[in-house]
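Breakdown of the fold
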Amino acid sequence: MNRALTLLSASLLLASATHVNAQSGDPRAGESLHKDANCLSCHAANPYSTAKTPSFERLIAAVNFCNVNLNTGWFEDEVLDVATYLNEKYYKYVIE
Ligand code: HEC
């Protein structure tokens, strides 16, 4: 029980620490992750569009949605790298 709580708070800490400096990720790392995960097997026919995902925050959430549902296994920083890459290539939101 105690151990589980410690693990939980450790991961919460990690999550918030990542969030603080997580304004944008590494687009080149994101590009190769995106390629390796074969995301275009669906998204070539169903193109990424700003109409469905109207902000960078929403883009991170959408990348994570597919990451979780497809069991891609990306960590939070990798999701951010991929979102940064997709933003650079398709969405072009200004990231502060
Ligand atoms: C099995 C098909 C499939 C695969 C593979 C897939 N997606 Fe998706 N994705 C979807 C569906 C369905 C949606 C829901 C919204 C839609 O219709 O576009 C979606 C939505 C999204 C969106 C938001 C849509 C938009 O137009 O802004 C993003 C971003 C996204 N996926 C990223 C990814 C990434 C990154 C991968 C690779 C890990 C991936 N997807 C792999 C089916 C897929």
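In this text the structure is predicted, and so the values were computed from the model without any measurement. (Residues numbered from 1 in each chain as written. Predicted model: local features only at pLDDT ≥ 70, side-chain atom pairs only at ≥ 80, totals over all residues. Heavy atoms only, no water.)

1. Describing the coordination of the iron atom of the ligand
- The protein atoms donating to the iron atom of the ligand are H43 (NE2) and C66 (SG), with metal-donor distances spanning 1.9 to 2.2 Å.
- Each of the 6 donor atoms bound to the iron atom of the ligand contributes to angles spanning 86 to 178 degrees, and the resulting shape is octahedral. Residue H43 is found in helix α3 (residues 40-43), and its partner C66 is found in helix α4 (residues 56-69); the two are separated by 23 residues along the sequence.
- Overall, the relative accessible area of 27% leaves C66 in the partly exposed class. (Donors = N, O, S within 2.8 Å, 3.2 Å for Na, K, Ca; no water. Tetrahedral: all angles 85-135°; square planar, octahedral: opposite > 155°, others 65-115°. Helix = DSSP H or I, 4+ residues; strand = E, 2+ residues; numbered from the N terminus. Buried < 20%, exposed > 50% of the residue type's maximum accessible area, 1.4 Å probe, protein only.)

2. Observations regarding the site of the ligand
- Around the ligand, the surrounding shell holds 19 residues, and the nearest of these are C39, C42, H43, T53 and C66.
- Measuring from an oxygen atom of the ligand, one finds a backbone N or O atom of S49 at 2.8 Å.
- Between the ligand and Y91, the relevant distance is 2.5 Å, taken from an oxygen atom to a side-chain nitrogen or oxygen of the residue.
- Put simply, the parts of the chain that give the shell around the ligand at least two residues each are α3, α4 and α5 (76-91).
- In terms of residue class, the shell around the ligand is made up of 12 nonpolar, 6 polar and 1 charged. (Near = heavy atom within 4 Å. Polar contact = N/O pair within 3.5 Å; in protein donor to acceptor, adjacent residues only side chain to side chain. Nonpolar A, V, L, I, M, F, W, Y, C, P; charged D, E, K, R; others polar.)

3. Re the environment of A61
- Among the structural elements, A61 can be located in helix α4.
- Along the chain, A61 and A83 lie 22 residues apart, while their C-alpha atoms are 8.8 Å from each other.

4. So, helix α2 (residues 27-36)
- P27, G30, L33 and H34 are the residues of α2 that are buried. Around the axis of α2, the buried residues are gathered within 115 degrees of arc, so they sit on the same side. What points out from α2, more than 90 degrees from its buried face, is the exposed set K35 and D36.
- Directly beyond the C-terminal end of α2, a positive phi value near 60 degrees is found at N38. (Arc of directions from axis to C-beta.)

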